[in-house]
Every structure is written in structure tokens, then in C-alpha cells.
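Coordinates in review
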Amino acid sequence: MSDKSAATTRTGIWYEPDASLKRRYAADKRLRMYGVAAIVFALSMLAILVGTIVMTALPAVTQTHVTLQVELPAEAIDRSDPRSASYQKMLADTISRLYPEVDTPRELRELRQLFTNNAQYMLRDMVVADPSLIGQTVDFTFPMSDIGDQLHKGGIDRNLPPEQRRINNDQIGWYDRLVEQGRITTPLNTGMIFNADSRFPELAGLRGALVGSFYALLICFLVSFPVGISAAVYLEEFAPKNRWTDLIEVNINNLAAVPSIVFGLLGLAVFLNFFGMPRSAPIVGGLVLSLMTLPTIIIATRAALKAVPPSIREAAIGVGASKMQTVGHHVLPLAMPGILTGTIIGLAQALGETAPLLLIGMNAFITAAPDSMFNPSTALPTQIYIWADSPERGFTSRTSAAIVVLLGFLVCMNAIAIYMRKRFERKW
Amino acid sequence: MSATTLLAIVLTLSLIGYLWGRANAAALKKSGIGMHSIPAYHGYFVALSCGIPAFLLVLVWIAAESTVIDRLILAGLPSYVTDGIEGSRMSLILSEIKSVAGGRIFGTPDQAILDAAARYNVLRGTASLAMVVCALAAAIAGMAFAGSRLSAEFRARNSVDGIIRWGLIVCSILAILTTLGIILSLVIESLAFFSRVPVLSFLFGMEWSPQTAMRADQVAAEGAFGAVPVFWGTIFISAIAMFVALPVGLFSAIYLVEYANGTVRSLVKPLLEILAGIPTIVYGFFAILTVAPFIREWGVAMGLSVASNSALAAGGVMGIMLIPFISSFSDDAISAVPQSLRDGAYALGATKAETVRQVLLPAALPGIVGGVLLAVSRAIGETMIVVMAAGLTATLTANPLEGVTTVTVQIVTLLIGDTEFDSPKTLAAFGLGLVLFLSTLALNVVALQVVKRYRERYE
Amino acid sequence: MTKSVEGADVLADQAARAGTHDVKVAASKVSVFYGEKQALFDVTIDIPARQVMAFIGPSGCGKSTFLRCINRMNDTIDICRVTGSIEIDGANVYDAKIDPVLLRARVGMVFQKPNPFPKSIYDNIAYGPRIHGKAKAGSEMDTIVEASLRRAGLWNEVKDRLKEPGTGLSGGQQQRLCIARAIAVNPDIILMDEPCSALDPIATAKVEELIDELRERYTIVIVTHSMQQAARVSQRAAFFHLGHLVEEGATEHMFTNPSDRRTQDYITGRFG
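Residues numbered from 1 in each chain as written. Chains lettered and ligands numbered in written order. Predicted model: local features only at pLDDT ≥ 70, side-chain atom pairs only at ≥ 80, totals over all residues. Heavy atoms only, no water.

Notes on the overall build of chain A
- Helices and strands together make up the secondary structure of chain A, namely 17 helices and 3 strands.
- Seen through its C-alpha atoms, chain A measures out along the principal axes to roughly 110 × 80 × 40 Å.
- Considering chain A as a whole, with its 428 residues, one finds that 52% of them fall into the buried category.
- Considering only intrachain contacts with a sequence separation of at least 6, the fraction spanning at least 24 residues in chain A is 76%.
- Summed over all atoms, the accessible surface of chain A reaches about 19600 Å², with 61% contributed by carbon and sulfur.
- Each charge sign in chain A was given a centre, from 38 positive and 35 negative side chains, and these centres are 12 Å apart. (Helix = DSSP H or I, 4+ residues; strand = E, 2+ residues; numbered from the N terminus. Buried < 20%, exposed > 50% of the residue type's maximum accessible area, 1.4 Å probe, protein only. Contact = heavy atoms within 4.5 Å. Areas by Shrake-Rupley, 256 points an atom, 1.4 Å probe, with all protein chains shown as cover. Lys, Arg positive; Asp, Glu negative; His and termini not counted. Charge placed at Lys NZ, Arg CZ, Asp CG, Glu CD.)

Listed below in C-alpha cells is the structure:
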């Protein structure tokens, strides 16, 4: 410490706040703030998206039902053919007994609007399933219509002037009487999962879409998994380095980035138009999806194969295994966790893919679940598309609920993928 | 017999072939002869020789059968039915024949149709019987051939390896076939379209109204298929999307790589990835459920008129979807800049912001640009968000509060519910598809090259 | 900003008058921890002004770690913690009031591998003065760039291609470019972390020559694993072993007559 005075002078300039330094630190702080703002924006968008969809979906968790005592007179139903009876009349009689004051045709129509349109068929099915009910008076529970459902769940504001709501004062009065008599219940909306599609929101469910998506994903897996692994094994383990394999490689990378709708055009032109496969069928959807998933699986498999150290291959070759045995017995099993992870992620993408399925007609209106993969069907995302396009209020919450179901599947698939990656992760 | 049963039989035959081949070889071995390959490989060889030809035969048969039968039926129709009829009418006749053949008879069909329907049923019966016979014959012939080759010197292992290797090659070629299929189907249908609507008036025409062009007299009407407004809408919405995604994605990547600590990074990165995993149909519904009404209310409050399907809503939501895309590419690119460059800048007394702005970003630029190009290609090809949230009418406007339409929206609306393959309306979709495919392909090729070069530079 | 430049000049004069054995950097009981692991143990050392001080020792001995403490480069590593004090001209650089940005402007650093920015040669040199606001763009900056390149002995080789990227130069030229880049900010001290380990012998000789010339104006601390280099360029040397400072003294003395057994073993090639 030779020159103390010099040192103090020197430290003086170090401590002195300098305008330009302040400016530089301000710029630094600004950049940091931009970063925080960007992340906050992105994450709040995520929160708003998930939040609004879940909030909108909540009303669809329950379905408003009404219970009426329906008389099933023995003389009105032919025991040998219970299907032929007029259940509409039995229901109408029941309703008239409840509301004796309602008699004009217009009022009767308005009254019926509170209940689902298909109640008569549900009553019929109940009787057909259990003919012993004939001649008795039964408790018949069935869904309210969309407007009844909305009214019960508060989706319709009764304080609005009547001309601004889709339900008039009479209808509200009739509904209130049902509530007073304790006829209204709101059980869990199991129809949402177990019913097929319908024009009426209170009856529409995802069954057809779930079955269709299952078939399509099954085909997608059966085709893309073996083909994808084979292609990747060839390119990674066997292929000579030449222009052909380079071409295949570039081609696969580009294929992974081709817009999905183009695959839909391919499916339309080749599978439907050229090969004459059935329109709207899950098999075609599955084939189109498998072509889209193929690059993902190939790329994931190649990465997994690359991660297996060469020493394993040398060891196998060293004990006299053929190249094919080396790959089949050692390399592929070691790479399998990585391959499966990639496959699940690819299938999850395929499950959410909509555009190509629209083009091959999987947005058809079909009111039954498909019996096989050759029957017309919808899929989960196309069902969402159909419902999102429907004007009835009830479909808004059902669309959201269907999205929650779709997201639920995706979360599960990704969770499995992440679990597998963690569980089988191997450090060489 | 259904194809599934047939395939099951072929599979069983293969299994029998395997056991037979292995047993034969084992017997040889027992007799004390030195074998080249172990018995199991002889079994595999027989099984593959039996199963593969039969399986391929069934596949080809199924693929070709319906087309061949259709041709035969149409060729067999008397000339008074087919004369002067082409394309769509022909396929109508065909479907009538098929529904009659299936027992669904509406009205009183022509006698020729009834005959054709009867012939159709006969042909189908013959065809499926022939398929079974041929497939079984192929399987048994394969098995016999393989069995005849079994001997001590026979290199079963090498043959099996060879067969599998060919299988692998065929699978990798499938990727090329997919691309080829895309190109061929787009080009063929587009050529049919351009034979009706001149290429130039498609590419440079200023008016797009395909719906009105359905009437026969308007088919080739000049200007009805001018795609410029559609291209403009696509570019406009993509630009809005990038306007949202680029700054948000880039700034969050900078923050995550250079400023955030490990905990924040490990929390925020997966959350951003979730945005990338949400299906686009969900974004589309989000746009019409939340964003579009919000923008509308906001516009009304400001005294502006906002279309319900404004470009701003569609583009904005698409931008949110692209955020993780940009951020993960930028993240990779910035992380890939060697630590030594950071050290160099810090050692000169640069602040973090100065290091980022003047050293890291310029160095990472190629990687970021590659990611941005891929994101643009994504935006152009994105379908569901715009189908749900953007407009249907093609307008040339630069006002983000008005509705515009995009290439993908037009493809979907032109093709939904319409399977006629020879109306210009349908074919126009393939013309648009070709343009879409080529432009995204160009972007992808350039982007992948840029990213690859960049990686090589820092590896 | 101009103030600090003037101040530096005044002080440089004072230091020159005070004689060559001024203490420039005084470290006392410096310990460094990476998380739980201690990498440096209570290092106390004085580094004299306007001389070349060489840190030698086997790899992993803590010499680079200590070097990076002097300009607080360790700050950029999250888990790194430093205790003790390092005073430069009597001010502790780990004092909360010391700004690392300004500190690094006064303590330049040259790294093991040449790390020119992917910019032109000119912009590489101009980067430091520009961010510190030491010169305006134009002739003022041109002067600094030329002076720095001249001092680094690179001017004649690159004066015709200042606009070309710095990454296009040869390894030795790149390293001298990095030295010029450090000089351009007008530091008092230049830290060099094995500056020649990535260079061929001819380029190494040039850089060593340059270090010898720079000694007239700057205090230089060089980390090297080459005893010969330490002997050639340094006046003083410090030997580190397993995180401890074993011995420090005049280079000539240490190489001919080391006082510690470990130093002797190292310089005679028994280990390291």
C-alpha cells in the first residue's frame, strides 16, 4: 500500500455515479423488464385460455333432468310389439295433467319446448327394455331441453325483458312450478361421454367421437410405429452415406414441417378419390394421421438410436452377432424407451389434429358410434369443430367440455411420456 | 371371407411355416450335419417366404379391387347410358348401381342399371373368392419354395437378414413416397384446374368468388378465381401473428437464457411448452369464445367498427400459438453461442443488455432467423384457428379490424361437404394447396439449411 | 467519462513516479467456493505494478480461478462465492459500491481461446470504447482503433481489411486482436488466462514479445502452464497447488532456487 492518497483519488472515480453508466444500467433493467413482461404475457394468455375454457365447460358437468309420473296404460301398448305404441301421446297426457290450464296449441308447443325433443324415444326404450312396466305409472326421468337447461343453470337472465330472451314468462312460470314440485334434478352429465352426437345439446355426447378417435389412433399407431422404427433403423444403422439417403433425410425433415392440411388434400386425392376408400371413415383418418406422425417417430427413433453408445454395438459384433442381430437384440431394446416416448408425443399430436380429418369428411353428423373403422364417424377434434359451429347455447359449454376431455387425454399422454423419459433415462 | 380373416389365416400359415422349417432344420442338425445357421433362422426364413408375398398380394388386391370393378362395370354399360356423359354424372351412375346392388332401390331404375348392379354383385363375389385363392396359393407356394431350399449349407441367417433389410429399405422409401404422393396429387388436380382457369388469372387475379362460379356458365369466368386477395389475407394474418409472437418469444428467450435463475427457467420453460402442445382447434375456439368478443367490445368502446371475424383476433391468437415456437428456437440459438464470447464481452465491462444486444443476438441471428422462418411457414399453413376465427370473404384490406380470408380457410370451405372431383370449385382447392405446399416447402428448406449451418458453426 | 480517463492518466503518472515496485493488486485471504466445494484457500499476494506476474501450477490448482476473481468474472457463475479482499490501488473490488462493469473496464482480460466477436476487426476493437462512451464514432474512434492495433502489433497486418470479420484471422492474429480489444478500453491491468495455449510456436513467440512490450504501460497477470513461458515473460511468479498459493517471488529466483519442495518438484517436471 504505497500511496494512500493516490488510492483514495482513484476510488473516488469508481464510486462516483456517472450519467452514462446510469443510462447503461437503465437499459439493462429495461431489457430484463421486457423479458419479464413477455413471459407474463405468454403465461397469462395460457391461464386465460385454460381458465375461460374450464369456466365455460363447468355448466356441462351436470345436466338438468325432470322427473314426471308417466302412466303406461296396458291398453295403449301392445305387449308383443311395445315399439309401436304412441309414447308421444302418453307424455302429452302426463304434461296436460300437470298443467291443466294450458290448452291452446301455441302454449302447448311452448310448454313442450321446455323438455327434450327425444323424450318419447327414451320412454319407448325404457318400456322395451322392461316390458313389466306396462300398465303401471312410472317415474320417468329425462333431460330438459336446451332452454330449460340454460334457465336452470342461470344461462338465461330472467330479469331481461321477455323479447330479449329465448324464453317467455309463461315458460318461466311452468318451469318454476316444476322446481317447486321438486321434479328438477341436476345429476352428473354422463350422457356427455356415453351418448353419441345429436342435434339437441341436451342429448349430444362424445361417444362416437371417442370411438372414432380411438380407431384412428389405433390405425395411426399400427402403421406409423413399425414403419417409422424400420425406416429409422435403416437410415441410422444400415444406410450407406450417399445422395439417396441424404435425399430421404432432407425429405423426412421437410415432411415434418408440411402443413397438416396438405396431408388432408393427399388423403382426399389418394385414399378417397384414387383408392375409393370410404369417406368419413376412421381408417382413412388413421392412415392420413399415420403419414403425418411418421416423420416425428422417425426423428425420435433416430435420436434414441444415436444415444446408444457404439461400444454396445462393438460388443455384440465382437461375440459374432450379425449386424441385424446386433440391432435387434441390443440396440433397439436399449433405444425403446426413447422411441416410445417419441411415439406417444407423436400420437398426442395426431389426436389433436383437425384439419386433415375435416378434408376427408370426418366432420359428418353421425348419431351413432361407428361399429368398425370402416364406418363413417367423427373424431374428438372434429366433434369440437362441429359443436363450436352450432348456434344452440348448450353447445358452447359442451364444446368447452369436449375440449377439456381432449386436453385431459393430451395431458395424460404427455405425462406418460415424461414419466417414461424420467424412469428409463440412462446415462452412458 | 373378410380381408381380416384372410390375413389371420396367412399369419397362421406363416407360423406353421416357421415351426415346420425349424423342425426340419433341427432334424438335420440332429443327424450330425454341421449347419450354417441355427434352426430358428430356417424357421424364420420359411415363415417370411410364406407370409410376405401373400400379405402384399392381399394389400394390393384390396387397394385395386374397387377401382378395377368400377372400370369393368362402367365399361360394360350399354352405350345409350354412357353416351355424352362424363365425370360427375358417371360417378352418380356408379353410386346408383352400388346402392341398387346393396339392396337399396329408390324409384324404378333403368334396366341397364339393374343388370349392372347384378353384374357388380357377381364381380365382387368372384373377386373376393379369387383374392382368397390367390393369397393362399401365394402363401403355400412361398412355403414350398422356402422348404425346398433348406439344407445344411443354406445360409438361412443371411437370407433372413437380407429380407429384413429390404423391408427396412421399403419403409424408408415410404417417406419419399408420401412426398411424391403429395406432389403428384396436388399437381395433377391443379393441372386439371389450370386447364379451366388460366394460371396467370389465378395467381394475379384480384377477385375471388368461387361460390358463384359453381354455375356452369360462370365456370371459366374471368376473375372469379383470382387468388390475390386470398394470398393477401394469409400474409396479413401471418404478419399479425408474427407481430405478437416475435417480440414476446424473443424477449422471453433472452430473459430465460441470460437473466433467469435455474428455478425460474425450469418452471417457465415447460409452461411455455404447454402452449405448443395445445391443439389448434382449441386456439380457434378460444379466439371465437374470448378474444374476438373482447376485441369487438374494445373496438366499440373506442368507437371503431370491428368485424366479428377480424384479422386481429385470428392473427393475435395465432401469435400466441407461435410464442413457444419462437422462444424455443431463440433459446437454443442464444444458448448455443459459446461462453467465450460472453466472457469476452463481460471482460470488457459490458452490461448484460449490451452483451445480449451487441454480441449474443448478432451471433445467434442465423439460428433465430431459421426459427422465425419455420414459424412463418407454420402460420401460413395453420388451418383451424383461421377456419374458426377468420372470415370467408376475400377482401383486400389492410385494416386488422376487418375480416380477411386465407388459403387454408378457402381450401377447407371449398372441400367440406363436396366430393365432386371435377368442379372447378373443388379443383381450386388443390390449386391453392399447391401454392401453399410450395411456399411452405421453400420456407422450410431455407430455414432448415440456415439452422443446420448455424449449428455446424458452433459445434 | 472523460473525467475517469483524465484521472487514470494522472494516476498513471503518479504511479510511474512512485517507482516500479508499487503494489497494484493486493489480495488478502481470498477463498473461492463453487457451491459446497472450496476451490481456493486463503490466498494472500501482492501484485506489483508494471511488471508481468505469472501464475503457474498444475491444472486445477486454482490459478485461473484466482485470476478471474481480480476482475470479478466469477460473478457470472451463479454458484460461485468469494471471501477475503482484493484491493486494486487500495479499493476492495468486492466492495458493494464497486461496479463490476467499471471494474472490468479497468481490468482487461484475454482468454485461453481467442474469442473475437463475430464482427469486423474494427468493430471488435471499437466495441469496448463504444459501450463505455470513451470515444465518439468517427475519427476519434479511428484513432483509438489504430493505436490499439499498433500497440498489439497487428496494425500492419490488418490495416487494409479492418471491415473483414475478426473470425477470419489466423489463431495468433485473433489472440492479438483480443489483446488489442482489451487495450482499447485503456485498462490499468491486463489479465491473461493461458493466452498462448491454443497457438502455434511462432504465434506464441509474437504474443510473448507483445506481452514484454505491454509491460511498460500495464500491469500484467498471466496464467500459464508452461514454465518456459513463465521464465521468458515474467518478472515475478506465483506457484499454486491444490488451491493454495505455495510460493511467490522473483521469477528468476524461484526457478533457480525454489524454497518449497512442491515448487521444485513441479518445475523440475516431477508432476503436473
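Quick word on the interface of chain B and chain A
- Facing 80 residues of chain B, the contacting portion of chain A comprises 74 residues.
- Of the roughly 6500 Å² buried between chain B and chain A, counting both surfaces, carbon and sulfur atoms make up 78%.
- Our enumeration of links across chain B and chain A arrives at 1 salt bridge.
- Where chain B touches chain A, the interface holds 10 residue pairs in polar contact (both at pLDDT 80 or more).
- Ranked by the residues each element gives to the side of chain B that touches chain A, the list is headed by helix H6 (residues 156-194) of chain B, at 18 residues.
- Here the side of chain B that touches chain A is composed, by residue class, of 52 nonpolar, 21 polar and 7 charged. (Buried area = accessible area lost by both parts, 1.4 Å probe. Salt bridge = Lys/Arg side-chain N within 4 Å of Asp/Glu carboxyl O. Polar contact = N/O pair within 3.5 Å; in protein donor to acceptor, adjacent residues only side chain to side chain. Nonpolar A, V, L, I, M, F, W, Y, C, P; charged D, E, K, R; others polar.)

Observations regarding the sheet that holds strand E2 (residues 137-143) of chain A
All names here are of chain A.
- With respect to topology, 3 strands assemble into an open sheet ordered E2-E1-E3, the strand pairing being antiparallel. Two strands bound the open sheet, and with one partner strand each, they are E2 and strand E3 (184-185).
- Both strand E1 (residues 65-71) and E3 contribute to a ladder of 2 bridges, which runs antiparallel. In the sheet register, Val 66 faces E3, and the bridge partner there is Ile 184. (Pairing = 2+ DSSP bridges.)

Considering helix H3 (residues 87-98) of chain A
Residue and element names in this part refer to chain A.
- An ideal rise of 1.5 Å per residue puts 16 Å on 12 residues; H3 measures up with 17 Å between its terminal C-alpha atoms.
- Within H3 the residues assigned to the buried category are Tyr 87, Met 90, Leu 91, Thr 94, Ile 95 and Leu 98. Buried residues of H3, viewed axially, fall in a sector of 135°; they line one side.
- Turning to H3, the residues buried within the fold contact E1, helix H4 (105-112), helix H5 (119-129), E2 and helix H7 (169-180). (Expected span 1.5 Å × (residues − 1). Arc of directions from axis to C-beta.)

Brief notes about the confidence of the model for chain A
Residue and element names in this part refer to chain A.
- Residue-level pLDDT values for chain A average 87, and 96% of them are 70 or greater.
- Considering each helix and strand of chain A separately, the mean pLDDT is smallest for helix H1 (residues 4-15), with a value of 41, and largest for helix H16 (residues 380-388), with 94.
- Note on residues 1-13: pLDDT under 50 across the span, and 16 contacts to partners over four residues away in sequence or across chains. (pLDDT = per-residue confidence, 0-100.)

Remarks on the environment of Ser 84 of chain A
Residue and element names in this part refer to chain A.
- Within the secondary structure, Ser 84 sits in the loop between E1 and H3.
- For the pair Ser 84 and Lys 22, spaced 62 residues apart in sequence, the C-alpha separation works out to 89 Å.
- A polar side-chain atom of Ser 84 sits 2.9 Å from the main-chain carbonyl oxygen of Asp 81.

What about the pattern of salt bridges?
- Across all of its chains, the model carries 31 salt bridges over all chains by this definition.
- A salt bridge links Glu 236 of chain A to Arg 302 of chain A, with the nearest nitrogen and oxygen atoms 2.8 Å apart. Residue Glu 236 of chain A is located in helix H9 (residues 207-238), and its partner Arg 302 of chain A is located in helix H12 (residues 282-307); the two are separated by 66 residues in the primary sequence.
- The class of Arg 302 of chain A is buried, set by a relative accessible area of 11%.
- A salt bridge links Lys 206 of chain C to Glu 157 of chain C, with the nearest nitrogen and oxygen atoms 4.0 Å apart.

Comments concerning the domain arrangement of chain A
Residues and elements named next belong to chain A.
- Entries for chain A in the domain assignment read domain 1 (61-188) and domain 2 (207-424).
- Computed from C-alpha atoms alone, the centre-to-centre distance between domain 1 and domain 2 is 46 Å.
- On the domain 2 side, the residues contacting the 5 residues of domain 1 number 4 residues.
- Along the contact surface separating domain 1 from domain 2 lie 0 salt bridges.
- Viewed at the interface, domain 2 and domain 1 are joined by 4 residue pairs in polar contact (both at pLDDT 80 or more).
- Here the side of domain 1 that touches domain 2 is composed, by residue class, of no nonpolar, 3 polar and 2 charged. (Domains from an automatic or database assignment.)

Here we look at the sheet that holds strand E2 (residues 37-48) of chain C
All names here are of chain C.
- Overall, antiparallel pairing links the 4 strands, which are arranged E2-E1-E4-E5 in an open sheet. At either end of the open sheet lies a strand with only one pairing partner, and these are E2 and strand E5 (91-92).
- Against the sheet, helix H2 (residues 63-70) engages strand E1 (23-34), E2 and strand E4 (80-88), with an angle of about 120° to E1. (Axes fitted to C-alpha atoms, helices over the stretch in contact; angles between N-to-C directions.)

Digging into the confidence of the model for chain C
All names here are of chain C.
- Across chain C, the average pLDDT comes to 85, with 91% of residues at 70 or higher.
- Within chain C, no element has a lower average pLDDT than helix H1 (residues 2-18), which sits at 45, and none a higher one than strand E8 (residues 219-223), at 94.
- Taken as a whole, residues 1-20 scores under 50 in pLDDT and shows 17 contacts with residues more than four places along the chain or in a different chain.

Observations concerning the nonpolar core
- Of all hydrophobic cores here, the largest spans 169 residues; its most connected members are Ile 182, Trp 208, Val 282, Tyr 283, Ile 411 and Leu 432 of chain B.
- In this structure, Ile 56, Ala 135, Val 207 and Val 246 of chain C belong to the second largest nonpolar core, which totals 45 residues. (Core = buried A, V, L, I, M, F, W, Y, C linked by side-chain atoms within 4.5 Å.)

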